Amino acid sequence: MPPTPSPSSTPTTRTTRTTPTARTTPTKPTVPAAPRSRPGPPGGSGGGAGLLASLLGFTVITIDVSAVNIALPAIGNSLHGGMTGLQWVVDAYTLMCAALMLSAGALADRAGARRAYAWGVALFTLASLGCALAPGIGALVAARAAQGAAAAVVMPASLALIRQVYEDPRARARALALWAVGGSVAMAAGPVLGGLLTDAAGWRAVFLLNLPVGVVILGLLVRVPRSPSRPAALDLGGQATAVLALAGLAFAVIEGGHRGWSSAPVLAAAVLALVCAVAFRVVEARHPRPMVPLGMLAERRVSVPLAVGFAVSAAFYGGIFVLGLYYQQMRGMSGTEAGLMFVPLSAVVTVTNLLSPRLAERYGRRPVLVAGQLVFAGAMVAMLPLAAHTPLWLVLVLLLPLSIGGAVVVPALTALLMDAVPGERAGTASGLLNSLRQTGGALAVALFGSLLAGPGGAFSLPGMRAGLLAVAVLLLATAALSRVLLPRE
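Here the structure is a predicted model, which is why all the values come from computation and not from measurement. (Residues numbered from 1 in each chain as written. Predicted model: local features only at pLDDT ≥ 70, side-chain atom pairs only at ≥ 80, totals over all residues. Heavy atoms only, no water.)

## Comments concerning the environment of Leu 86
With respect to the element layout, Leu 86 can be found in helix 5 (residues 82-111). Spatially, the C-alpha atoms of Leu 86 and Val 445 are 9.6 Å apart, while their sequence positions differ by 359 residues. With residues up to four places along the chain from it excluded, the contact list for Leu 86 reads Leu 72, Ile 75 and Gly 76. (Helix = DSSP H or I, 4+ residues; strand = E, 2+ residues; numbered from the N terminus. Contact = heavy atoms within 4.5 Å.)

## Let's talk about the nonpolar core
General note: in soluble globular proteins, nonpolar side chains tend to be found buried as a group. Formed by 102 residues in total, the largest nonpolar core has its most connected members in Leu 140, Phe 321, Tyr 327, Phe 376, Met 380, Leu 402 and Leu 452. The biggest single contributor to this core is helix 14 (residues 300-330), with 17 residues. Discounting residues that sit within four places of it in the chain, Tyr 327 has contacts with Gly 332, Met 333, Ala 338, Met 341, Phe 342, Val 395 and Leu 399. Judged by nonpolar contacts, the second largest core, of 38 residues, contains Tyr 117, Leu 159, Ala 160 and Ile 162. (Core = buried A, V, L, I, M, F, W, Y, C linked by side-chain atoms within 4.5 Å. Buried < 20%, exposed > 50% of the residue type's maximum accessible area, 1.4 Å probe, protein only.)

## Notes on the environment of Phe 124
Checked against the element boundaries, Phe 124 lands in helix 6 (residues 113-133). Under the relative-accessibility criterion, Phe 124 is labelled buried at 3%. Expressed as a C-alpha distance, the spacing of Phe 124 and Gly 148, which sit 24 residues apart in the sequence, is 8.0 Å. In this structure, Phe 124 is in contact with Val 60, Ile 61, Asp 64, Tyr 93, Gln 147, Ala 150, Ala 151 and Asn 210, ignoring residues within four places of it in sequence.

## Considering the environment of Ala 104
Within the secondary structure, Ala 104 is located in helix 5. Exposure remark for Ala 104: the relative accessible area of 4% places this residue in the buried category. Measuring from C-alpha to C-alpha, the distance between Ala 104 and Ala 152 comes to 6.2 Å, with 48 residues separating the pair along the chain. Non-local contacts of Ala 104, meaning those with residues more than four positions away in its chain, are made with Ala 152, Val 153 and Pro 156.

## Details of the packing of helix 14 against helix 20 (residues 461-485)
At their nearest, the axes of helix 14 and helix 20 sit 10 Å apart, and the two run at 160 degrees to each other. When the axes of helix 14 and helix 20 are compared, the pair comes out roughly antiparallel. Crossing angle aside, the handedness with which helix 14 passes helix 20 is left-handed. On helix 20, the residues that touch Arg 300, Val 304, Ala 307, Val 308, Phe 310, Ala 311, Val 312, Ala 314, Ala 315, Val 322 and Met 330 of helix 14 are Leu 461, Met 464, Val 471, Leu 474, Leu 475, Thr 478, Leu 481, Ser 482 and Leu 485. For the contact of helix 14 with helix 20, a count of residues per class yields 17 nonpolar, 2 polar and 1 charged. (Axes fitted to C-alpha atoms, helices over the stretch in contact; angles between N-to-C directions. Parallel < 35°, antiparallel > 145°, perpendicular 65-115°, else oblique. Left-handed = near helix turned anticlockwise from the far one by under 90°. Nonpolar A, V, L, I, M, F, W, Y, C, P; charged D, E, K, R; others polar.)

## Side note on helix 16 (residues 343-363)
For helix 16, spanning 21 residues, the distance from its first C-alpha to its last is 29 Å, which sits close to the expected 30 Å at 1.5 Å a residue. Of all the bends in helix 16, the greatest reaches close to 35 degrees and is centred on Leu 355; the proline Pro 357 follows between one and four positions later. Residues of helix 16 that are buried include every one of Leu 345, Ser 346, Val 349, Thr 352, Asn 353, Ser 356 and Ala 360, and no others. A positive backbone phi angle near 100 degrees is found at Gly 364, which sits one or two residues after helix 16. (Expected span 1.5 Å × (residues − 1). Bend = angle between axes of the 7 residues up to and from the residue.)

## Considerations on the packing of aromatic side chains
Under the counting rule described, the total for this entry stands at 6 aromatic pairs. A ring pair is formed by Tyr 326 and Phe 459, whose centres lie 6.4 Å apart and whose planes are at 55 degrees; its orientation type is tilted. Placement of the pair is Tyr 326 in helix 14 and Phe 459 in the loop between helix 19 (426-452) and helix 20, with a sequence separation of 133 residues. One exposure class covers both Tyr 326 and Phe 459, and it is buried. Residues Tyr 327 and Phe 342 carry aromatic rings whose centres are separated by 5.7 Å and whose planes lie at 80 degrees to one another, so their mutual orientation is edge-to-face. Here Tyr 327, found in helix 14, pairs with Phe 342, found in the loop between helix 15 (335-341) and helix 16; they are 15 residues apart in sequence, far enough to count as distant. By relative accessible area, Phe 342 is classed as buried at 4%. (Phe/Tyr/Trp six-rings, centres within 6.5 Å; stacked < 30°, edge-to-face > 60°.)

## Comments concerning a nonpolar patch on the surface
The grouping of Val 375, Trp 393, Val 397, Leu 400 and Ile 404 at the surface amounts to a nonpolar patch, some 460 Å² of accessible area in total. Broken down by element, the residue count for the nonpolar patch peaks at 4 residues, all from helix 18 (residues 392-420). Overall, the relative accessible area of 41% leaves Val 397 in the partly exposed class. (Patch = residues over 30% accessible without salt bridge, like charges linked within 9 Å, V, L, I, M, F, W, Y side chains within 5 Å. Areas by Shrake-Rupley, 256 points an atom, 1.4 Å probe, with all protein chains shown as cover. Salt bridge = Lys/Arg side-chain N within 4 Å of Asp/Glu carboxyl O.)

## Remarks on the side chain of Thr 59
Looking at the secondary structure, you find Thr 59 in helix 4 (residues 47-79). Residue classification places Thr 59 among the buried residues on the basis of a relative accessible area of 18%. Each residue touching Thr 59, except ones within four places of it in the same chain, is listed here: Gly 182 and Ala 186.

## Some remarks on the packing of helix 16 against helix 18
At a minimum axis distance of 8 Å, the contact between helix 16 and helix 18 shows a crossing angle of 40 degrees. In this structure, helix 16 meets helix 18 at a crossing whose hand is right-handed. Between helix 16, through Pro 344, Leu 345, Val 348, Val 349, Thr 352, Asn 353, Ser 356, Pro 357 and Leu 359, and helix 18, the contact on the second element is made entirely by Leu 396, Leu 399, Leu 400, Leu 402, Ser 403, Ile 404, Ala 407, Val 408, Pro 411 and Ala 412.

Scope: geometric values only; no functional claims are made or implied.
Below is the structure:
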């Protein structure tokens, strides 16, 4: 899955942090007046190049993740990694992105948006080449981890780049809307493109596609003015303990289903995750400028949307992982056919994302949040009867509530979260939300993968149903929390 930031949430997050420019103008009223009267490009210097570079970067990391999900069976057949290896191909990327995204914004501020973005794109391009050339599953997993680290930098830096080159708020809002639409289109195109490339040229072509795009982005950045650097504290202790805690937890969940939950490596990984989680809390409590302010988490208007974001992403991206394998391993579809099956789902997600703010305005955010999670939980239950010979039209019908439930929830929970934090904490809250969404997706893939492998590595329908029930229960729990703990509007 993509470094799963919600495209619909991003404009709200970033526009709250653009006021310093407006506050500086009253000090010398006669100086800024003249530039405003002169006609010029809406994006300022390098606006078009900066927007195109940001849009391409966000698009390529979104396509890469969804395309890789379709290519997983081919990767497994080629590298003989088994279900465990395929889980790590997905989760190595997602976990690195989730953990490093907590401090990637500060890195972008310290290095400057253009430089940080160039670093991230260059690393992502080189890591993609490493994925394409990987001789075995271990090398591929390592290269995917490098891709995830790069994606964590690309995401906030791409938004900072748009903020830099578009000084006019209205022009910047239009640019951010294009950025968000690009993510939606990429989400729909990724599975189809992944299937076509895998069937026509092999799974390595999915990664080779990133190379020319990376070169184009770096060429565009030459036309973008250099970004100013700003002082920003780096919480290295918190970052290290977060990475270790997530890695230990993922290892325990992934390997527990294959080695046994009481095996020594699994128990050691679980202990490592617990110790590092405690250490993370201690480090954040003592750090003068922590990347995750613990006091902010005590506010229920913050903690509940974060929990909902975790649960919704676990259900959605866990479901996508299951369906990609179900279509190809259970129903014998080609990669292209499996990719086309996701197009209706992606289209419904895009439309529902656009309608969600209107529903929240009419009925209130809390009712939309609760109703969306209940619909989503119902979608998980509705998928339980899926089998090898379920009619395809019925499969598509059953996926409608899955598309609608998640898409209606994310804009509402993002708006709730942004309203609950002061403007100077908007970036921190957004990074934490995106990190938890990535983590939810990664752990869902780990859980489903450990349940899906039947005898001889065959796709296990009972395992799929157990995973669907688990995420349905999680969604019901977070829906109850939303109903009880969130205040009425």
